[in-house]
Amino acid sequence: MVGQPVRVLLVDDDSHIRKIIANELLNDLRTDIVAQGGSLREGRHLIAQHAFDVMLVDLNLGDGNGFDLIKYMKVLHPNAEAVVISVLEDEQQALHAFELGATGYLVKNSWFGNFPEAVLQVVNGGASITPNLARRLLRKLQSSAEGVSSSEHGHQKDQLSEREKCVLTMITAGYTSVEISSKLKISAETVNTHIKHIYGKLHVHNRAQAVSSAAHRGLI
């Protein structure tokens, strides 16, 4: 509802880190913690018992991993957002999380003080990614593009247009549709049309999946 704080579910097996993140969210009137847990088992129970908008989840839980919780969340709450919080800045883990439907990947030590902003960013259609990791993913996209021969591009029916590549690059950097519209000096409707075409060509359903697919297929 308009004016209501964004509801957050937090799952992290480090009680100290969990307390820091929870306090950040509780101290911001725009966000609220509805529940928190420290294991895969607790996470599954909380996902089933609570309504929420965003799940912040660590990947390394004592009795399992956060990937399983992302998949479980997407079944029970397909419209909720999942944001990974990790001590590791790992490109492959980030790409796999995006493939599962996550829309953010944050490295804990570099993101303290900004978790409410990250939550609000994904709720408003953005993709929240730790800046250094975003740059590494961009380099990965660029190197993937260089590794695809011109003949392969010629036979690629799903090749993105130059403008679509530009929009996808900005999505990778975490820009929202409104921000992309402003920077490219085109209407928000045009931006959303480009994004729709990107999703169709890459056969994906959200921004993070688009970034992951482009990286693997060398389309950008």
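About the thresholds
Residues numbered from 1 in each chain as written. Predicted model: local features only at pLDDT ≥ 70, side-chain atom pairs only at ≥ 80, totals over all residues. Heavy atoms only, no water. Helix = DSSP H or I, 4+ residues; strand = E, 2+ residues; numbered from the N terminus. Buried < 20%, exposed > 50% of the residue type's maximum accessible area, 1.4 Å probe, protein only. Contact = heavy atoms within 4.5 Å. Areas by Shrake-Rupley, 256 points an atom, 1.4 Å probe, with all protein chains shown as cover. 1 Å grid on protein atoms, 1.4 Å probe; cavity = no way out; pocket = protein on both sides within 12 Å on 5 of 7 lines; lining within 4 Å. Points joined across faces, edges and corners; volume = space filled by probe spheres on them. Nonpolar A, V, L, I, M, F, W, Y, C, P; charged D, E, K, R; others polar. Phe/Tyr/Trp six-rings, centres within 6.5 Å; stacked < 30°, edge-to-face > 60°. Lys NZ or Arg CZ within 6 Å of the ring centre and 35° of its normal. Arc of directions from axis to C-beta. Core = buried A, V, L, I, M, F, W, Y, C linked by side-chain atoms within 4.5 Å. Pairing = 2+ DSSP bridges. Right-handed = clockwise from strand over helix to strand, strands pointing away. Patch = residues over 30% accessible without salt bridge, like charges linked within 9 Å, V, L, I, M, F, W, Y side chains within 5 Å. Salt bridge = Lys/Arg side-chain N within 4 Å of Asp/Glu carboxyl O. Lys, Arg positive; Asp, Glu negative; His and termini not counted. Charge placed at Lys NZ, Arg CZ, Asp CG, Glu CD.

S.K.: Help me out: how do you make sense of the overall build of the chain in this one?
M.R.: Within the chain one finds 12 helices and 8 strands. A burial count over the chain gives 51% of its 220 residues as buried. For the chain, restricting intrachain contacts to residue pairs at least 6 apart in sequence, the fraction spanning at least 24 positions comes to 64%. Carbon and sulfur atoms provide 50% of the accessible area of the chain, an area that totals close to 10,500 Å².

S.K.: Looking at this structure, I do not really get the layout of surface pockets. What am I missing?
M.R.: Summary: where empty space remains is shown by rolling a probe the size of a single water molecule over the atoms. Roughly 200 Å³ of volume is contained in the largest pocket. Lining the largest pocket are 14 residues, with Glu81, Thr103, Gly125, Asn206 and Arg207 positioned closest to its centre. Among the residues making up the lining of the largest pocket, the classes are represented as 6 nonpolar, 5 polar and 3 charged.

S.K.: What is the right way to read the packing of aromatic side chains from this model?
M.R.: When we look at a pair of aromatic rings, we describe it by the centre distance and by the angle of the planes. Using the criterion set out here, one finds 0 aromatic pairs in the structure. A cation over an aromatic ring shows up here: Arg44 above the ring of Tyr72, its NZ or CZ 4.0 Å from the ring centre.

S.K.: Explain helix 2 (residues 40-49) to me, please; I cannot follow it from the model alone.
M.R.: Helical geometry: 3.6 residues make up each α-helical turn, so side chains three or four residues apart lie on a common side. Among all positions in helix 2, only Leu40, Gly43, Leu46 and Ile47 are buried. All buried residues of helix 2 fall inside an arc of 125 degrees around its axis, so they share one side. Facing away from the buried side of helix 2 by more than 90 degrees, the exposed set consists of Arg41 and Gln49. Elements in contact with the buried residues of helix 2: strand 1 (6-11), strand 2 (31-37), strand 3 (54-57), strand 4 (60-61), strand 5 (64-65) and helix 3 (66-76).

S.K.: Would you take a moment to explain the environment of Leu100 for this structure?
M.R.: Mapped onto the elements of the fold, Leu100 is located in the loop between helix 4 (91-99) and strand 7 (104-107). Residues within four places of Leu100 in sequence aside, it is in contact with Phe67, Ile70, Lys71, Lys74 and Gln209.

S.K.: Please explain the nonpolar core as it appears in this structure.
M.R.: Leu9, Met55, Leu69 and Ile70 are the most contacted members of the largest nonpolar core, which has 28 residues in total. The set of elements that each furnish at least two residues to this core consists of strand 1, helix 2, strand 3, helix 3, strand 6 (81-86), helix 4 and helix 7 (131-146). Once residues lying within four places of it in the same chain are set aside, the contact partners of Met55 are Leu9, Ile47, Leu69, Ile70, Met73, Glu81, Ala82 and Val83. The next biggest cluster of nonpolar side chains, apart from the first, holds 19 residues, and it includes Val6, Ala22, Val83 and Ile85.

S.K.: What is the right way to read the pairing of strand 6 from this model?
M.R.: One face of the sheet, then the other: side chains in a regular strand alternate in exactly this way. Where burial is concerned, most of strand 6 is hidden: 6 out of the 6 residues are buried. On strand 6, burial covers both faces: Glu81, Val83 and Ile85 on one face and Ala82, Val84 and Ser86 on the other are all buried. As judged from the 4 bridges shared by strand 3 and strand 6, these two strands associate in the parallel manner. Paired with Leu56 across the strands is Val83, a residue of strand 6. Judged from the 4 bridges that link them, strand 6 and strand 7 form a sheet pairing that is parallel. Each residue of the ladder has a partner; that of Val83, found in strand 7, is Gly104. Handedness of the crossover joining strand 6 and strand 7 through helix 4: right-handed.

S.K.: Any chance you could explain the sheet that holds strand 7 here in plain terms?
M.R.: Strand pairing in a sheet relies on backbone hydrogen bonds, with the paired strands running either antiparallel or parallel. Taken together, the 6 strands give an open sheet; going across it, the order is 2-1-3-6-7-8, and neighbouring strands pair in parallel fashion. Each having just a single partner strand, strand 2 and strand 8 (128-129) make up the two edges of the open sheet.

S.K.: I keep staring at helix 6 (residues 115-123) and nothing clicks. Help me out?
M.R.: Buried within helix 6 we find Phe115, Pro116, Ala118, Val119, Leu120 and Val122. A positive phi of about 100 degrees marks Gly125, the residue just after helix 6.

S.K.: What exactly am I supposed to notice about a negative patch on the surface here?
M.R.: Residues Asp13, Asp14, Glu42 and Asp63 make up a contiguous surface patch of negative charge. Relative to the assigned elements, Glu42 resides in helix 2. Judged by its relative accessible area of 41%, Glu42 is partly exposed.

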